[in-house]
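A structural walkthrough
Listed below, chain by chain, are the residues.
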Amino acid sequence: MLKAKNISKVYRIYDRPVDRILEALPFVLPRHSDFPALHPLDLEVGKGETLGVVGPNGGGKSTLLQLLAGIIPPTTGRVSRKGRTAALLELGAGFNPEFSGRENVYINGEIMGLSRREIEASMPSIERFAGIGEFIERPVKTYSTGMHVRLAFSTAIHVDPDILIVDEALAVGDAVFANRCIRKFEELREKGVTVVLVSHDLGLVKQLCNRAVFLMDGRIEAAGDPSDVINRYVGAVLEKQKAWRTTEDAVHGLDASHRHGDGAVEIRAVELIGQDGAPTRAVRAGERVTVRLSVFFHQAQPTPMAGILIRTRNGLDAFGTNTKTEGADLPPCAAGDALEIEFAFECLLTPQEYTLTVAAQHPSGHSHDWLDDAVAFRVLDIAKRSGIANLPTKIAVRQLS
Amino acid sequence: MNARFSEVTASIVEDRLLVKGDGLEDCRLKYEVRDRQTDTVLDGGEGVNLDIPLTEDDGDYAILVTAVADAPGSILFFHVVVAAGEPCLASQRTTSAAALRRSRLTRGLARAAVQPFSSIWRNRSLIRSMVRRDIAGRYAGSHAGVFWTIIHPLLLMLTYAFVFGVVLSTRFANDDRPGSFVLYFLAGMLPWLAFSESAGRAAGVVIEHANFVKKLVFPLDILPVNLVFSGLFSQFFGVLVLFGALLLFGRDIYWTVLYLPLLIIPQLLFTLGVCWLLAALGVLFRDLGQLMGFIITLWFFLTPICYDESLLGQYHWLFRINPFYILVRAYRAVLLEHAAPEWQSLLWLSAASALVFLFGYGCFHRTQRQFADLV
């Protein structure tokens, strides 16, 4: 059971380090400016509840966790914790790289308030859960990040905490371990452990948490059911990116990473347009989007054609088509003609970054104007599905026996 | 306003504190709920006919009520104790800001006297394992391992013995027997060895453990304590070396060595106080770590460890303000001269050490809250 009442955190910002010392002297006026990292808020996480904290970087998530864990004192308010608290704010924060993994388990366990005997008793299951084999006997400095994570996490959950506070812990580590952690979280919840979890993995928050809060600019913007909270968060992110786009990208200059072609036809503008009809760089998965090309003909073309190609950031083709494939033949054009061509489709892609390549071509496949990566955009989704294709999936389950 | 406050009645109804009084109906009041343990503001607000919500968390709370129009004036003070979820009004009085500050100070001082000991006691097993690891870690990967704890002072002693004993032919007062220099030097070196080792690392200890400050729930005040006990361990080996030297030069180990604990206690208190102070200052001034090497060397030469005290001549007053002068003399007395330590100076030293101890802890404790912003 974890309860925070009216907690806030105001950091004092000093221009020069010496100001801090001067201020401590009597009869010296304040020499700092205040930075409110967290505005007063109340929070209560009951026994067996898992609270997810989401929000953009700099929104106050880490400060909140530090306050909840009791690592830093709040400026106002009070946090009350019932039972042993294990905080995993940085993986292996208490690890000494010179010592063996086993020795570090002892150190961390003792820091978290366990006796040596208690740690000894849970050592076998810590080792089993971490699954790093004989590395447990080697110095931690020889570990990979993944092994570090496994051992730290394994130690934290085996100290038998009543409250577990985890910051972005599962971001590293392979899928197998992540799965094992997720099962462990479920087990902890059943055991009545209070969990507070910060994650950028919104799918994970949805899966593990029964409540969530969305923190932005040090305030709780939304709290309650994880799906609702996450929708609010995604909405806020979309809004922000739109704001960014209109200011940064007002001029639709073409900046292809590579441009080639004979120049008989010129692509003068490329736009990615969202469902609301406005140009965008951030697309919700499944959103209906339009790619709009403006094409100018320097030479007459009897059978012109244009195409688009979407690639992932690491260059994998995700989807490509052209006017001929789609059976939408363009009219014959004379020199000096201009066309506007729109490709509309549902963006059924998994959330990651993509680029859009566009081209005006001759039916033979010869390029008049080819622009690689003319537009970069991001697909956003609340669920993190793997791969590239984001196929709408319905799951039905029947009990067979 | 005072007159009005004197007629105030306060009562606890369920989980709220109601403040009422004749003539208060039209008076806007401001309140503040503080945790008496940590002195942080938990809650606050304004209103007429205050109705202050209380927490059901067990604890010791102070509720301060002032009239908004009369800001620095008198303060209504309520002491509320919540036990087993039940709030109870323990006391109520009218006071002033200055009086509150004074009582806060006295309570702070009382806490400062108890807290260092209770903190060390509470974390004793953590301290034990951290010290053990510190000692093991220092020599991890070296071949001689923990024997460096002996080899190091031995080599140091040989160097000084050569420079001062042979080259400069320093003699310690009225003792011309063989090995006299070595023994006097070693005896004087014992308290210094422990102190310089701890104090030399204290300025950097918090920065070194930045992760502990920012990412772990950890009793930071034991970090300097670990250093002091780790230094004491080196001193223990130093004592063994000295005993070896005594036997080698054909002297006896006299029963006056039993006085040693009486010397070690003030030495420990002093070292702890200095280390807490340095650890706190080291966070504020990063340059202190660099400076400490020099300060410790200077202090070493200002203490008659490698030369006889008679050599300081007109600068003799320096000795009086140097706790290590008293300690060095006392160590030599009980180990080499078969005499009891000088009680008067030992008493003075103990009192001064206790003060340094409390002052150092106080400084550390006060700045500790800011560490997370600084490291």
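All of these numbers come straight from a predicted model, not from anything done at the bench.

Our next topic: the overall build of chain A. Counting secondary structure elements, chain A contains 8 helices and 18 strands. Compactness check: chain A gives a C-alpha radius of gyration of 27 Å against a globular reference of 21 Å for 401 residues, more than 25% above the reference. With respect to the principal axes defined by its C-alpha atoms, chain A has extents near 85 × 70 × 45 Å. Taking all contacts inside chain A whose residues are at least 6 apart in sequence as the whole, residues at least 24 apart take part in 70%. Of the side-chain charges in chain A, 46 are positive and 50 negative, and the distance between the mean point of each set is 7 Å.

Moving on to the overall build of chain B. Tallying secondary structure elements over chain B gives 13 helices and 8 strands in all. For 375 residues, the compact-globule formula gives about 21 Å, and the C-alpha radius of gyration of chain B, at 28 Å, lies well above that figure. Dimensions along the principal axes, computed over C-alpha positions, put chain B at roughly 90 × 45 × 40 Å. Residues counted as buried form 48% of the 375 residues belonging to chain B. Of the contacts formed within chain B by residues at least 6 apart in sequence, a portion of 66% connects residues at least 24 apart. Total accessible area on chain B stands at roughly 18,100 Å², and carbon and sulfur atoms take up 64% of it. The distance from the centre of the 31 positive side-chain charges to the centre of the 31 negative ones in chain B is 6 Å.

All names here are of chain A. The strand order across the open sheet built from 3 strands is E11-E13-E16, with neighbouring strands paired in antiparallel fashion. Lying at the two open borders of the sheet, with one neighbouring strand each, are strand E11 (265-273) and strand E16 (338-346). Geometrically, the sheet is characterised by an average inter-axis angle of 20 degrees between neighbouring strands, direction not taken into account. One ladder, built from 8 bridges, connects E11 with strand E13 (residues 288-297); its direction is antiparallel. Opposite Ile-273, over in E13, you have Thr-290 as the bridge partner.

The next point concerns helix H2 (residues 97-122) of chain B. Residues and elements named next belong to chain B. Helix length check: H2, at 26 residues, gives a terminal C-alpha distance of 35 Å against a target of 38 Å (1.5 Å per residue), a fit within 8%. When the local axis directions of H2 are compared, the greatest deviation, roughly 35 degrees, occurs at Val-114, which is followed within four positions by the proline Pro-116. Leu-100, Ala-112, Pro-116, Ser-119 and Ile-120 are the residues of H2 that are buried.

Before going further, it helps to spend a moment on the packing of aromatic side chains. Geometry of an aromatic ring pair is reported as the spacing of the ring centres plus the angle between the planes. Scanning the model with the defined rule gives 30 aromatic pairs over all chains in all. Plain terms: the ring middles of Phe214(A) and Tyr233(A) are 5.2 Å apart, the flat faces sit at 45 degrees to each other, and that makes the pair tilted. Of this pair, Phe214(A) sits in strand E8 (residues 211-216) while Tyr233(A) sits in helix H8 (residues 226-248), placing them 19 residues apart in sequence. On the numbers, 6.3 Å between centres and 90 degrees between planes, the contact of Phe270(B) with Trp299(B) is edge-to-face. Pair noted here: Phe270(B) is in helix H8 (residues 260-284) and Trp299(B) is in helix H9 (residues 288-302), with a separation of 29 residues, a long-range link. You can call Phe270(B) buried: its relative accessible area is 9%.

Following the sequence through the fold, Glu110(A) ends up in helix H3 (residues 101-111). Side chain to side chain, Glu110(A) and Arg133(B) meet in a polar contact 3.2 Å long.

What follows is about the sheet that holds strand E2 (residues 16-21) of chain B. All names here are of chain B. Judged by pairing direction, the sheet is antiparallel, and its 3 strands sit side by side in the order E1-E2-E5 without closing on themselves. Every other strand in the sheet has two partners, leaving strand E1 (8-13) and strand E5 (51-53) as the edge strands with one partner each. Looking at each pair of strands side by side, their axes are set apart by 20 degrees on average, direction ignored. By the bridge criterion, 6 bridges tie E1 to E2 in an arrangement that is antiparallel. Bridging from a neighbouring strand, Ile-12 pairs with Leu-17 of E2.

Take the domain arrangement of chain B next. Bring the parts together and some accessible area is lost; that lost area is often taken as the interface size. If you check the domain split of chain B, you get domain 1 (2-95) and domain 2 (117-374). The C-alpha centroid of domain 2 of chain B is placed 51 Å from the C-alpha centroid of domain 1 of chain B.

Looking at chain B as a whole, the pLDDT averages 83, with 94% of positions reaching at least 70. Mean pLDDT across the secondary structure elements of chain B bottoms out at helix H1 (residues 2-6) of chain B, with 58, and peaks at H8(B), with 93.

This part takes up the packing of helix H5 (residues 180-208) of chain B against helix H7 (residues 222-248) of chain B. Residues and elements named next belong to chain B. Across the interface, H5 lies against H7 with an axial gap of 8 Å and an inter-helix angle of 160 degrees. When the axes of H5 and H7 are compared, the pair comes out roughly antiparallel. The crossing of H5 and H7 is right-handed. Here the residues of the contact of H5 with H7 are counted per class, giving 20 nonpolar, 6 polar and 2 charged.

With that settled, consider the interface of chain A and chain B. With 29 residues of chain A at the interface, the matching set in chain B holds 30 residues. Taken over both partners, the interface formed by chain A and chain B buries close to 2,800 Å², and the fraction arising from carbon and sulfur atoms is 53%. For the chain A face of the interface with chain B, the top three residues by lost area are Arg20(A), Arg78(A) and Ile111(A), together amounting to 23%. There are 3 salt bridges connecting chain A and chain B. With a shortest N-O distance of 2.8 Å, Arg133(B) and Glu103(A) are connected by a salt bridge. Taken together, chain A and chain B are joined by 6 residue pairs in polar contact (both at pLDDT 80 or more).

This part takes up the nonpolar core. Generally speaking, nonpolar side chains in soluble globular proteins are found buried as a group. Among the nonpolar cores identified, the biggest contains 117 residues, and Leu68(A), Phe218(B) and Leu335(B) are the most heavily contacted of them. Broken down by element, this core gets its largest block of residues, 17 residues, from H5(B). The residues contacting Phe218(B), other than those within four sequence positions of it, are Ile111(A), Leu126(B), Met130(B), Phe212(B) and Leu223(B). Membership of the second largest hydrophobic core comes to 49 residues, among which are Ala86(A), Ala156(A), Leu204(A) and Ala212(A).

What follows covers the pattern of salt bridges. A complete count under the given rule lists 25 salt bridges over all chains for this structure. A salt bridge links Glu110(A) to Arg133(B); the nearest nitrogen and oxygen atoms lie 3.2 Å apart. Placement of the pair is Glu110(A) in helix H3 and Arg133(B) in helix H3 (residues 124-138), with the two residues belonging to separate chains. Assigned by exposure class, Glu110(A) and Arg133(B) land together as buried. If you follow the salt bridges from partner to partner, you end up with Glu271(A), Arg292(A), Glu340(A) and Glu342(A) in one network.

Definitions and limits used
Residues numbered from 1 in each chain as written. Chains lettered and ligands numbered in written order. Predicted model: local features only at pLDDT ≥ 70, side-chain atom pairs only at ≥ 80, totals over all residues. Heavy atoms only, no water. Helix = DSSP H or I, 4+ residues; strand = E, 2+ residues; numbered from the N terminus. Rg over C-alpha atoms; globule rule 2.2 N^0.38 Å. Contact = heavy atoms within 4.5 Å. Lys, Arg positive; Asp, Glu negative; His and termini not counted. Charge placed at Lys NZ, Arg CZ, Asp CG, Glu CD. Buried < 20%, exposed > 50% of the residue type's maximum accessible area, 1.4 Å probe, protein only. Areas by Shrake-Rupley, 256 points an atom, 1.4 Å probe, with all protein chains shown as cover. Pairing = 2+ DSSP bridges. Axes fitted to C-alpha atoms, helices over the stretch in contact; angles between N-to-C directions. Expected span 1.5 Å × (residues − 1). Bend = angle between axes of the 7 residues up to and from the residue. Phe/Tyr/Trp six-rings, centres within 6.5 Å; stacked < 30°, edge-to-face > 60°. Polar contact = N/O pair within 3.5 Å; in protein donor to acceptor, adjacent residues only side chain to side chain. Domains from an automatic or database assignment. pLDDT = per-residue confidence, 0-100. Parallel < 35°, antiparallel > 145°, perpendicular 65-115°, else oblique. Left-handed = near helix turned anticlockwise from the far one by under 90°. Nonpolar A, V, L, I, M, F, W, Y, C, P; charged D, E, K, R; others polar. Buried area = accessible area lost by both parts, 1.4 Å probe. Salt bridge = Lys/Arg side-chain N within 4 Å of Asp/Glu carboxyl O. Core = buried A, V, L, I, M, F, W, Y, C linked by side-chain atoms within 4.5 Å.

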